Amino acid sequence: MIPSSVDYTRASSVTEAIRLLTDNPDAKILAGGHSLIPAMKLRLNAPSLLIDIARIPELRFISDEGDKVVIGAASTHHDIISNEAVQDMKAMIEAGELIGDTQVRNMGTLGGSIAHADPSADWPAVLLALGASIQVQGPNGERSIAANEFFLGFFMTALDEGEIVTAIHIPKLAEGQQTAYRKFMQPASRFAIVGCGVSVTVEGGLIKDAKVAFTGVSDAAFLDEGVAAALIEQPVTLETIEAAANAAAEGDIHINEDHFSSQAYRKHLAKVYAKRALAGACGLD
Amino acid sequence: MPKITVTVNGTSHTSEVEGRLLLVHYLRDTLHLTGTHVGCDTSSCGACTIHLDGKAVKSCSMLAAQADGSTITTIEGLATGNELHPLQEGFKEEHGLQCGFCTPGMIMCAADLLSHNPNPSEQEIREGLEGNICRCTGYHNIVRAIQYAANKSLVVSE
Amino acid sequence: MSNKFIGKSVKRVEDKRFITGRGRYTDDIVLPGMTYAYILRSPYAHARIKSIDTSAAEAMEGVVTIMTGEEVGHYGVPCGWQVNFKNGDTMKEPPHPLLVKDKVRHVGDAVAMVVAESRELAQDAAEAIIIDYEVLPAVIDASKAVEEGAPLVHEDVPNNICFDWEIGNPKEEVDAAMASASHITTLEFVNQRLAPNAMEPRSYIGQYDSVYDKYTLYTSTQNPHLIRLLMCAFVLGLPEHKVRVVGPDVGGGFGSKIYHYTEEALVTLASKKIGRPVKWTETRSEAFLTDAHGRDHVTKAEMGFDADGKIVGLRIKTFANLGAYLSTFSTAVPTYLHGTLLQGLYTTPKIHLDMTCVFTNTTAVDAYRGAGRPEATYLLERLLDLSALEMGVDPTELRLKNFIPAFDGVTQPGYQTNVALQYDSGNYHGVLQRGLEMLGYEDFRKAQAEAATTNKLLGVGFSTYIEACGIAPSAVVGSLGARAGLYEVGQVRVQPTGKVSVFTGAHSHGQGHETTFAQVVADRLGIPMEDVDIVHGDSDTVAFGMGTYGSRSLAVGGSAIVKSLDKIIEKGAKIAAHKLECSVDDIEFIDGKFTVKGTDKSLGFGDIALTAYVPHVYPANLEPGLDFSSFYDPTNFTYPFGCHIAVVEVDKETGTTKIKRFIAVDDVGNVINPMIVDGQIHGGLAQGIGQALFEGVEYDENGQIINASYMDYTMPRADDFPMFELDRQVTPCPHNPLGVKGAGEAGCIGSTPAVTNAVIDALWSVGHKVKDIRMPLTSERVWRAMQS
């Protein structure tokens, strides 16, 4: 399996990458390449130019900025899960360790993953649960997009033409906030059939804030408001969690299906994994 | 065509490569290092695993051009002279290979695992091999081969 | 004779090259002036080719030649085994052309081959070939293919039936036995189609040398000589002495590299045409479409019991899917490698199998690790455990009650089955009892009862299997339709210095022949293993051979080597007697020395070797030299057997199954290298468990494989298994000189039903009385079974 002919260039700065992208409408941004190159090998994707941004220093860093952790878009999955700054964000670690395999985690990047927006990718559910925002830069300058406004559909994001992801901002955990990620893997690819990222903030024994996000379930990762609503002001018990989890993946949403999982089974798994993730975050598993 | 310079198993090579040339084909066809194998099209099997700047990566899923400026170790560069790497020795001692096709990738992946977890549990070894497929051994003796190498390295470092 | 190596876990001599990256697989070989082939394949399962336009592709950079069916479509690859219809008519045998010119019959059918200066350019050019297809309705399922009005894969094969076939007792006798039964267990099930997935994709290089008018084919094959024979005599009509076939290191086969594939002949033809070497290496995606698949049976089976739980009859109807074309041994698998194993380990008095073998618009199906025997074992062992559940008796007691009593095949005769075979030796109670000890059966049932109240159910499944290996007596297989003999060749060449080169027709693709065979030779000759070299895989150096499959290499190939070793020792004794001036009857050969019995007068093996090549003091009428070749044709199959026990945990909320323990007690006869035998069992277990839980080629109604990559076809991985728990019983094979039975397939044959049985057992433990869950037992399928 060999890609079609393609030109390759390494950008030395974000500005240069954006200029190259603007000048070459058929070009693709290449970071770790672990989604793009397999697609090119199958000739499902045949860009004229690859703009490699993996080694741009301003894109590969992880820093603790007081109220938030900022992760450069070209940070690899391995960079992230082995970084001190995110260790208390259990959902980040639990998700990151389940992405692909060792080799993929050494090459694949956070920015690449979210820009690709595979409906079964792990990071989107975590970023939604953690209330992250995505920094992007394009020909018209920089802007910040909330995670819940970024993942729009099947391989579709809020990125405009010529824009690239530069960094991800994740708010530091509040007092009493715990997070978790649980995943039911597609056994062959190990992508998520259902991935559930959750954040629960407890004050005085009651749940004051909750975010429950799914990947793999629908055509894009999404926040499940129904589950979250059922948790608010409730005591931290398995009964609370089970009742809330039963509300998962209900309502007017499209549910994915494939030869590993029908819609009915996926919907069932969403409830089971919401329960498991919430129990994990609340220390009840 | 991009011009790349890479250090492979301690030797520097400079080559002009097609943009689309995969790193695994560069290693196999240009440098004639055929110990790195291609077993699939989808980054799944791990037979092509090498070390890029000290970390295990799948050389079938990256371009040669992406490796410009990097240091690469392949299975051919793992032993020190005639002295086998503990993992190579472990695979032989514990019968961790049959047809041998997945073996280089298994060893290179296991070397990455042991580099940051020198004394892994059986479960950690099994999870550490999730990106590598073997069709011959049922993984049983591969796990034991890695345990052998871990034990040997721990003894040596004590 | 010495006893230094046989029975010892000698480390493998072949490992050094593999662990240092210096193995030499076909795709590693680069020849001067080599070109690269890309094969353009049909995207449709069934379509008429209206036109092919290669003109744009031919004009592209780097293209050397393009071949189509117009040029080579009159050549086709043959089937190696003829089976007849019940009524005596010959099976339908439509041609399998190298490249198709009229009608494609499965997705992946080869239409054109581009040869170019690089693999990149070959693929680029193939994309420029324009083919106009008229798409036809496809037929995928074997049981539907025989229905009236189903699309015809081959116009001249009515109802898509290649042949129908039966074996066992007369149908009326079986019907009568079933009518007398007090309980009948009925099971309708699918033994699903599997992709073999040797990790090395198939790779071939054709090289034509015009100076010597000689062809060389490098091929990732399990049997180089068979490929040469088939390609020369049945495909291309080339003189065999002008064709050399080399099988370098081969990265696994599991059956899929037995067969003669069209691409082997294509690169051979193309190299002659262009006068340059031509390499073709498949991609994994192509492997899913073109490497012969395994299994694919649709079955209804009924087992009848009397009031005491004794089996009174077994009645089976099966449709076997052969795919679009007949692969080399495809017709033997559902018949002589499957129907003949339906006796199992049981005294079942009446058995009847009605088999229909069918063409469909799918990839060809042939032998895959176990080949027919796993299908027979799955059928029997599922029925045994299910019958026990249905009758409320213990599955192990039901087996013990029905087992054939132990027999050694020496002082007691072999066991004559109702399905043609005669078992050589067996002790079936022994392996089950040992397995139960290892399991701790009583404790397990207690733990299971406790687990039934939790979300993690426990189940245990049993499988006590038998297989027919070491294929095969040529006269027997010949009478059954095989178009080849199935002996093996072993040549032992003692060099003048006493070093030994052994040439074997068996061809290791992971089995460790370079070690195991050397252990046998070193012990028989009383010399160090380093003095023995095993040569295989080259038709120019090895006289002849039938290759490695069917767990036959040691039982048949090893026996051929032993025959030659016996001749070496016999001749050596004559030379020694002459030099030591005694009668040859007074010479004994022990620990590498020819000694005059009862004296300290002796000559070493090296002395005798040197004398044979420098025959100055030498017996009259004895030829110089010490080099013998033997053909060994076995007198019977060998019959390994064993007991496999799976303990599974089923997640009640998700249906996900986890293997908690896997116990295998196998009896493969004598063992030369326990380490290698255990390794063979481990690998077989992973494949057998893989079939039960993970693997399966899935077609959609249009004949597209929807999981033709490792992103969708679940290959077993390291974290899917616990450490396997193995033990061994030894019942020597009575009819070959090493007493060995073969170990390559045992793990894969026994394990699959144990896993399914264990999941079913777990479900019954909480009242879900399901009869079957279709393999692979994906989480959703198990979950759904629990919702009923």
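Quantities reported herein were computed from a predicted structural model and do not represent experimental measurements. Along each chain, residue indices are assigned from 1 in the same order as the chain's sequence is written. Just so you know, chain letters begin at A and ligand numbers begin at 1, following the order they were written in. Only residues with pLDDT of at least 70 are given local features in this predicted model, and only at 80 or more are side-chain atom pairs given and counted; all residues enter the totals for whole chains, interfaces and linings. Note: side-chain values were computed over all heavy atoms of the structure, leaving out hydrogens and water.

Explanation requested: the overall build of chain C in the structure shown.
Per the convention used, a helix needs a DSSP run of H or I reaching at least four residues, while a strand needs a run of E reaching at least two, with both numbered from the N terminus. Counting secondary structure elements, chain C contains 20 helices and 28 strands. What you see for chain C is a C-alpha radius of gyration of 27 Å, in line with the 28 Å of a compact globule of 788 residues. Taking the principal axes of the C-alpha coordinates as reference, chain C spans close to 85 × 75 × 50 Å. Only protein chains enter the calculation, and the probe is 1.4 Å; a residue is then buried if its accessible area is under 20% of its type maximum, exposed if over 50%, and partly exposed in between. Out of the 788 residues in chain C, the part that is buried amounts to 68%. Whether two residues are in contact is decided by their heavy atoms: any pair within 4.5 Å suffices. Look at the contacts in chain C between residues 6 or more apart in sequence, and 80% of them connect residues 24 or more apart. Counting every atom, chain C has about 25,000 Å² of accessible surface; 51% of that belongs to carbon and sulfur. This count recognises Lys and Arg as positive and Asp and Glu as negative, with His and chain-terminal groups excluded. For the purpose of locating charges, the reference atoms are NZ of Lys, CZ of Arg, CG of Asp and CD of Glu. Considering chain C, the positive charge centre built from 71 side chains and the negative charge centre built from 98 side chains are found 2 Å apart. Computation of the radius of gyration draws on C-alpha atoms alone. For the globule rule, the value is 2.2 Å times the number of residues to the power 0.38. Accessible areas in this description were obtained via Shrake-Rupley with a 1.4 Å probe; residue shielding takes into account the shown protein chains only.

Would you mind showing me how to read the interface of chain C and chain B here?
Quoted interface sizes are often the accessible area lost when the parts come together. Contacts between the two partners involve 51 residues from chain C and, on the opposite side, 50 residues from chain B. Joining two parts hides part of their accessible area as seen by a 1.4 Å probe, and the buried area is that hidden amount summed over both. Both sides together, the interface formed by chain C and chain B hides about 4,400 Å², and carbon and sulfur atoms give 56% of it. The largest per-residue losses of area from chain C upon contact with chain B belong to Ile19, Met199 and Met723 of chain C, which jointly make up 17% of the total buried on that side. For this analysis, a salt bridge means a side-chain nitrogen from Lys or Arg found within 4 Å of a carboxyl oxygen belonging to Asp or Glu. Our enumeration of links across chain C and chain B arrives at five salt bridges. Asp29 of chain B is paired through a salt bridge with Arg119 of chain C; the nearest N and O atoms lie 2.1 Å apart. In the analysis that follows, any N or O atom pair within 3.5 Å is treated as a polar contact, provided that within protein one partner can donate a hydrogen and the other can accept it, and provided that, for residues neighboring in sequence, both atoms belong to side chains. For the pair chain C and chain B, the interface holds 28 residue pairs in polar contact (both at pLDDT 80 or more). Looking at the side of chain C that touches chain B, the elements that each hand over two or more residues are helix H1 (15–19), helix H4 (119–126), helix H9 (284–290) and helix H18 (674–693) of chain C. Tallying contributions element by element places H18 of chain C first for the side of chain C that touches chain B, with eight residues. Classification convention: Asp, Glu, Lys, Arg as charged; Ala, Val, Leu, Ile, Met, Phe, Trp, Tyr, Cys, Pro as nonpolar; all other residues, Gly among them, as polar. Residue classes in the side of chain C that touches chain B are distributed as 22 nonpolar, 15 polar and 14 charged.

Looking at this structure, I do not really get the domain arrangement of chain A. What am I missing?
All names here are of chain A. How far each domain reaches was decided by an automatic or database domain assignment. What the domain assignment reports for chain A is domain 1 (7–52), domain 2 (57–171) and domain 3 (177–281). Computed from C-alpha coordinates alone, the two centres of domain 2 and domain 3 are separated by 20 Å. Contact with domain 2, which involves 24 residues of that partner, is made by 23 residues of domain 3. Here domain 2 packs against domain 3, burying approximately 1,800 Å² in sum over the two surfaces, 60% of which is carbon and sulfur. Counting the contacts that link domain 2 with domain 3 gives two salt bridges. With its nearest N and O atoms 3.0 Å apart, the salt bridge here joins Glu94 to Arg182. Linking domain 2 to domain 3 there are 12 residue pairs in polar contact (both at pLDDT 80 or more). Where the side of domain 2 that touches domain 3 is concerned, the elements lending two or more residues are helix H4 (90–96), helix H7 (123–129) and strand E8 (151–153). For the side of domain 2 that touches domain 3, the leading source of residues is H7, giving five residues. Classifying every residue of the side of domain 2 that touches domain 3 by side-chain character gives 16 nonpolar, four polar and four charged.

Any chance you could explain the side chain of Ser709 of chain C here in plain terms?
Turning to its location among the elements, Ser709 of chain C is positioned in the loop between H18 and strand E28 (725–728). What makes Ser709 of chain C buried here is its relative accessible area of 15%. Not counting residues up to four positions away in its chain, the partners in contact with Ser709 of chain C are Thr42 of chain B together with Phe288 of chain C.

Can you help me understand the interface of chain A and chain B in this one?
Each partner contributes residues to the interface: chain A has 30 residues there, and chain B has 32 residues. Together, the buried faces of chain A and chain B total about 2,400 Å²; carbon and sulfur atoms form 55% of this surface. Counting the surface chain A buries against chain B, the share from its top three residues, Tyr8, Lys41 and Gln103 of chain A, is 23%. Counting residues per element, the ones that place at least two in the side of chain A that touches chain B are strand E1 (7–10), helix H2 (36–41), strand E3 (49–52) and helix H5 (102–107) of chain A. Among the elements that line the side of chain A that touches chain B, the one with the most residues is H5 of chain A, at five residues. A class-by-class count of the residues in the side of chain A that touches chain B yields 11 nonpolar, 10 polar and nine charged.

For this particular structure, what's the right way to read the sheet that holds strand E15 (residues 351–359) of chain C?
All names here are of chain C. Sheet architecture is open: five strands sit in the order E7-E15-E14-E13-E8, paired in mixed fashion. Lying at the two open borders of the sheet, with one neighbouring strand each, are strand E7 (161–168) and strand E8 (183–194). Neighbouring strand axes in the sheet, compared pairwise and without regard to direction, differ in orientation by 10 degrees on average. When DSSP finds at least two bridges between two strands, those strands are taken to pair. Whenever a helix is involved, its axis is fitted only over the stretch in contact; in every case the axis is a line through C-alpha atoms, and angles between N-to-C directions fall within 0 to 180 degrees.

Please clarify how the sheet that holds strand E23 (residues 593–596) of chain C should be interpreted in this entry.
As a general point, the strands of a sheet are linked pairwise by backbone hydrogen bonds and lie either parallel or antiparallel. All names here are of chain C. Here three strands make up an open sheet; going across it, the order is E22-E23-E24 and the pairing antiparallel. Edge positions in the open sheet fall to strand E22 (587–590) and strand E24 (602–604), since each of these has one partner strand only. Mean inter-strand twist for the sheet, computed between neighbouring axes without regard to direction, equals 20 degrees. Pairing of E22 with E23 involves four bridges; the strand directions are antiparallel. Counted as the bridge partner of Phe589 is Phe594 from E23. Contacting E22, E23 and E24, helix H16 (residues 553–580) crosses the sheet at an angle of about 50 degrees to E23.

Explain the pattern of salt bridges to me, please; I cannot follow it from the model alone.
Pairing between side chains of opposite charge can happen when their charged atoms approach one another. All names here are of chain C. Evaluated as defined, the whole model comprises 78 salt bridges over all chains. Ionic pairing is found between Glu117 and Arg276, a salt bridge with its closest N-O pair at 2.8 Å. Residue Glu117 is located in the loop between strand E5 (110–116) and H4, and its partner Arg276 is located in the loop between helix H8 (262–274) and strand E12 (278–281); the two are separated by 159 residues in the primary sequence. With relative accessibility at 37%, the residue Glu117 sits in the partly exposed group. Assessed through its relative accessible area of 24%, Arg276 is described here as partly exposed.

What is the right way to read helix H15 (residues 513–525) of chain C from this model?
A turn of α-helix holds 3.6 residues, and therefore any two residues three or four places apart point the same way. Residues and elements named next belong to chain C. For H15, which comprises 13 residues, the first-to-last C-alpha distance of 18 Å matches the rise-based estimate of 18 Å (1.5 Å per residue) to within 8%. For H15, a buried count of 13 out of 13 residues is recorded, marking the element as mostly surrounded by other parts of the structure. The positive-phi residue at the C-terminal boundary of H15 is Gly526, with phi of around 65 degrees. A helix is expected to span 1.5 Å for every residue after the first.

Help me understand the nonpolar core, please; the structure alone is not making it clear to me.
Grouping buried Ala, Val, Leu, Ile, Met, Phe, Trp, Tyr and Cys residues that are joined through side-chain atoms within 4.5 Å yields what is termed a nonpolar core. Ranked by internal contacts, the top residues of the largest apolar core, which has 240 residues, are Phe91 of chain B together with Leu439 and Leu763 of chain C. Per element, the largest residue contribution to this core is 10 residues, and it comes from helix H19 (residues 746–764) of chain C. Contact partners of Phe91 of chain B, with chain neighbours within four places excluded, come to Gly96, Leu97, Thr103, Met106, Ile107, Ile142, Ala145 and Ile146 of chain B together with Asp15 and Ile19 of chain C. Judged by nonpolar contacts, the second largest core, of 47 residues, contains Val521, Ala522, Ala573 and Tyr618 of chain C.

I keep staring at unusual backbone geometry and nothing clicks. Help me out?
In terms of backbone geometry, most residues other than glycine have negative phi values and most peptide bonds are trans. That bond from Ile471 of chain C to Ala472 of chain C is cis: its omega, -5 degrees, falls within 30 degrees of zero. Checked against the element boundaries, Ala472 of chain C lands in the loop between strand E18 (456–466) and helix H14 (474–479). Backbone torsion omega between Met775 of chain C and Pro776 of chain C reads -10 degrees, so that peptide bond is classified as cis. One can find Pro776 of chain C in the loop between H19 and helix H20 (779–787). Although it is not a glycine, Tyr139 of chain B sits at a positive phi angle of roughly 70 degrees. Assignment of secondary structure puts Tyr139 of chain B in the loop between helix H4 (122–128) and helix H5 (140–157). For Tyr139 of chain B, a relative accessible area of 1% gives the class buried. In this structure, Ala371 of chain C is a non-glycine residue whose phi angle is positive, near 50 degrees.

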